[in-house]
Amino acid sequence: MATDIAGDAEANPPLPAPDDLDDNGFPTAAAGASSFADDFYRSGSDWSSLQASPWHQREPASGMNAKGGVSLVQSSLFQAWGIDKPPREEAAQGGSLVQRSLFQAWGIKKPFREEEAQVRAGAGVSSPSPSPSGARSGRKRRWGGAEENGAPAARKSIVCPFYKKIPGTPFTVDAFRYGAVEGCSAYFLSHFHYDHYGGLTKNWCHGPIYCTALTARLVKMLLSINSEYICPLELDTEYVIEGVAVTLLDANHCPGAALIHFRLSDGKTYLHTGDFRASKSMHLHPLLQSGRINLLYLDTTYCNPKYKFPPQEDVINFVVRTAQRYLKKQPKTLIVVGAYSIGKENVYLAISQALEVPIYTDASRRRILHSFGWPDLSKRISSCNQSSLHVLPLALVQHEKLKNYLETLNQRFLAVLAFRPTGWTFSETAGKELDLIKPSSRGRVTIYGVPYSEHSSFTELGYFLKFVRPQKVIPTVNVGDAANRDKMQAYFREWLKGL
DNA sequence: GCGATCAGCT
DNA sequence: CACAGCTGATCGC
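What counts, and at which threshold
- Residues numbered from 1 in each chain as written.
- Chains lettered and ligands numbered in written order.
- Predicted model: local features only at pLDDT ≥ 70, side-chain atom pairs only at ≥ 80, totals over all residues.
- Heavy atoms only, no water.
- Helix = DSSP H or I, 4+ residues; strand = E, 2+ residues; numbered from the N terminus.
- Buried < 20%, exposed > 50% of the residue type's maximum accessible area, 1.4 Å probe, protein only.
- Contact = heavy atoms within 4.5 Å.
- Areas by Shrake-Rupley, 256 points an atom, 1.4 Å probe, with all protein chains shown as cover.
- Pairing = 2+ DSSP bridges.
- Axes fitted to C-alpha atoms, helices over the stretch in contact; angles between N-to-C directions.
- Core = buried A, V, L, I, M, F, W, Y, C linked by side-chain atoms within 4.5 Å.
- pLDDT = per-residue confidence, 0-100.
- Disulfide = S-S within 2.5 Å.
- Parallel < 35°, antiparallel > 145°, perpendicular 65-115°, else oblique.
- Left-handed = near helix turned anticlockwise from the far one by under 90°.
- Nonpolar A, V, L, I, M, F, W, Y, C, P; charged D, E, K, R; others polar.
- Salt bridge = Lys/Arg side-chain N within 4 Å of Asp/Glu carboxyl O.

### A closer look at the overall build of chain A
Part 1: What chain A contains, in helices and strands, is 15 helices and 19 strands.
Part 2: Within chain A, buried positions represent 54% of all 499 residues.
Part 3: Here the analysis covers contacts within chain A between residues at least 6 apart in sequence; of these, 68% occur between residues at least 24 apart.
Part 4: Summing over all exposed atoms, chain A offers an accessible surface of approximately 22,800 Å²; the carbon and sulfur share of this is 51%.

Structure below.
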């Protein structure tokens, strides 16, 4: 059979579901709303090979515990496959985790959901938006905005889009802004960036949140989520959750970011990339080498040939060399790296190591960075702003603001050299040499935009798809625009041709 | 007054 | 362009 791609134009529409569950195991939404299958087909795809029995009728997998929750079936896949891996901090102290109920380990008193504990209609999801697919003139999707006619829509009125649901399971990924999602009893968080955890507040009460241990620490620390909802999972360790084998893999994105691998009891395997940068090391992972992926949820942030950028290592070398050059010319130069809450750590860590200077940043970021538990990073963090390396919010990396910032450090520095690491500024100079990057200078402030991306480039996406050979692909980014969806689907088709 | 969310902006 | 937010205004309590 030819590879099916989400969005195939000549796909046949499905028969209407006979009851309140569609043939992928998702409850059909309230009247007027769309089911997973409806939305999937509407986006133009053949869904026929993904039939799965409804989740609430399936037999639990053998590893599932009596309470219908979670049990650990293998302590580590690396262990199981005889691959050497250094022990992680949590794993080292939690050896007994393997045998114990994870509910107990996480301090959960009772399972969140028994079979009948379906989300009540109207509990958190009110009547559906008239335009659920939200094609909004190229703007990023907004949630819960007032619709055109009449009174402002109730909050949380936007339903969870199908591409955040995992068919045949009661799972969603990065779907926290829709209140209680019908049929969902386990909410996965791929990584701690706002556009993925948005909607998670201290009042969260819709079900357990599964994520990596590092992400779990951030959720607890910064969002004040009741810790009984937070379920940290070790990387490369298979868990059985609601009868589905789940494994988190390093996503090579920001600290704590994970790919999520699902193996259903009927043998279907799905991979959700969250946000990721495809890398060679992923090709070595046992779970991605063995067997085919039936369905791939793909981070398509840069799924366009105009996005080309070098390996992160090359960019880091460029940044370090540039910093050294400026310091030689002017020893009283302040080096600034712009960054969001988490991500880009390796850029300033490399500068810190090469120049042998500590990393200064404000107290809130220091707290976040220390929470990673990375000794090489922690030991270089300083609370003294006399260091010549500062990490600032990206919003501050502008000429006027850096000029003001320099003045607050009265005379300690005479110039500022700042870096904005991002993927998309490089689209213009695509294919060019790093050394051709021209900084923007104004007075004593020099700013370099550098193509340091934590998402896959277009070519890396191509390599990844050819390696994974998914039967179907669901893009998860830039899906608001139909023309763009079609373009991406054409790329997928081309990459997978003949595989 | 307070926390959550929104439009606008980068 | 569109990353992953940030700022200031507004909403609901």
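### Concerning the sheet that holds strand β4 (residues 186-188)
Part 1: Taken together, five strands build an open sheet; the order of strands is β2-β3-β4-β5-β6 and the sheet is mixed. One side of each edge strand has no neighbouring strand; the edge strands of this open sheet are β2 (165-166) and β6 (230-233).
Part 2: Both strand β3 (residues 171-173) and β4 contribute to a ladder of three bridges, which runs parallel. Across the sheet, the residue bridging to Thr172 is Tyr187, located in β4.
Part 3: This element, helix α6 (residues 213-223), spans β5 (209-212) and β6 of the sheet and lies at about 120° to β5.

### Focus on the nonpolar core
Nonpolar side chains in soluble globular proteins generally cluster together in the buried interior.
Part 1: Phe188, Phe262 and Phe464 are the most contacted members of the largest nonpolar core, which has 108 residues in total.
Part 2: If you tally residues by element for this core, the top one is helix α9 (residues 312-329), at eight residues.
Part 3: What Phe262 contacts, discounting residues up to four positions off in sequence, is Ile166, Phe171, Val173, Phe188, Val244, Ala245, Val246, Lys268, Thr269, Tyr270 and His272.

### Thoughts on the confidence of the model for chain A
Part 1: When pLDDT is averaged along chain A, the result is 75, and 67% of the positions lie at 70 or above.
Part 2: Below a pLDDT of 50 lies the segment residues 1-33, which in the model reaches 87 contacts outside its immediate sequence neighbourhood of four places, other chains included.

### Some remarks on the state of the cysteines
Part 1: Applying the stated criterion across every chain, the model contains zero disulfides.
Part 2: The structure places no disulfide on Cys254, whose sulfur is separated from the nearest cysteine sulfur, that of Cys211, by 12 Å.

### Some thoughts on the pairing of strand β10 (residues 269-272)
Part 1: Here β10 shows two buried faces, one formed by Thr269 and Leu271 and the other by Tyr270 and His272.
Part 2: Count of turn residues in the strand β9 (residues 258-263)/β10 antiparallel hairpin: five residues, of which Gly267 carries a positive phi of about 95°.
Part 3: Relative to strand β11 (residues 295-298), β10 runs parallel, the two sharing three bridges. Considered in β11, the bridge of His272 is made with Tyr297.

### Topic: the environment of Leu295
Part 1: Residue placement: Leu295 occurs in strand β11.
Part 2: On the basis of relative accessible area, Leu295 is assigned to the buried category, the value being 0%.
Part 3: Sequence separation between Leu295 and Leu214 is 81 residues; the distance between their C-alpha atoms is 27 Å.

### Quick look at the pairing of strand β16 (residues 415-421)
Part 1: Taken across its seven residues, β16 has six buried, putting it largely inside the fold.
Part 2: Where strand β12 (residues 333-339) meets β16, five bridges bridge the pair, whose relative direction is parallel. Bridge assignment links Val337 to a residue of β16, and that residue is Phe419.
Part 3: Pairing geometry for β16 and strand β18 (residues 445-450), over six bridges, is parallel. For Pro421, the partnering residue across the bridge sits in β18 and is Val450.

### Here we look at the packing of α6 against helix α11 (residues 363-371)
Part 1: Interhelical geometry of α6 versus α11 gives an angle of 155° and a closest axis separation of 10 Å. Relative to α11, the element α6 lies roughly antiparallel. Seen from above, α6 lies across α11 with right-handed handedness. Across the interface between the two elements, Arg217, Leu218, Met221 and Leu222 from α6 touch Arg367, Ile368 and Ser371 from α11.
Part 2: The residue inventory of the contact of α6 with α11, partitioned by class, reads four nonpolar, one polar and two charged.

### Regarding the side chain of Thr422
Part 1: Tracing the sequence through the fold places Thr422 in the loop between β16 and β17 (440-442).
Part 2: Beyond its immediate stretch of four places on either side in the chain, Thr422 contacts Lys344, Val450, Pro451 and Tyr452.

### Regarding the pattern of salt bridges
Proximity of charged atoms lets side chains of opposite charge pair with each other.
Part 1: Within this structure, the stated rule accounts for five salt bridges.
Part 2: Of the charged contacts in the structure, one is a salt bridge between Glu460 and Arg277, with a shortest N-O distance of 2.9 Å. Of this pair, Glu460 sits in helix α14 (residues 458-468) while Arg277 sits in the loop between β10 and α7 (280-283); the two residues are 183 residues apart in sequence, bridging distant segments of the chain. Here Glu460 matches Arg277 in class, with each residue buried.
Part 3: In this structure, the salt-bridge partner of Asp435 is Arg321, at a minimum N-O distance of 3.6 Å. Taken as a pair, Asp435 in the loop between β16 and β17 and Arg321 in helix α9 lie far apart in primary sequence, 114 residues in all.

### Things to note about unusual backbone geometry
Part 1: Even without being glycine, Asp174 reaches a positive phi, approximately 55°.
Part 2: Checked against the element boundaries, Asp174 lands in the loop between β3 and β4.
Part 3: For Asp174, a relative accessible area of 4% corresponds to the buried category.
Part 4: Positive phi is not limited to glycine here, since Ser224 has a value of about 55°.

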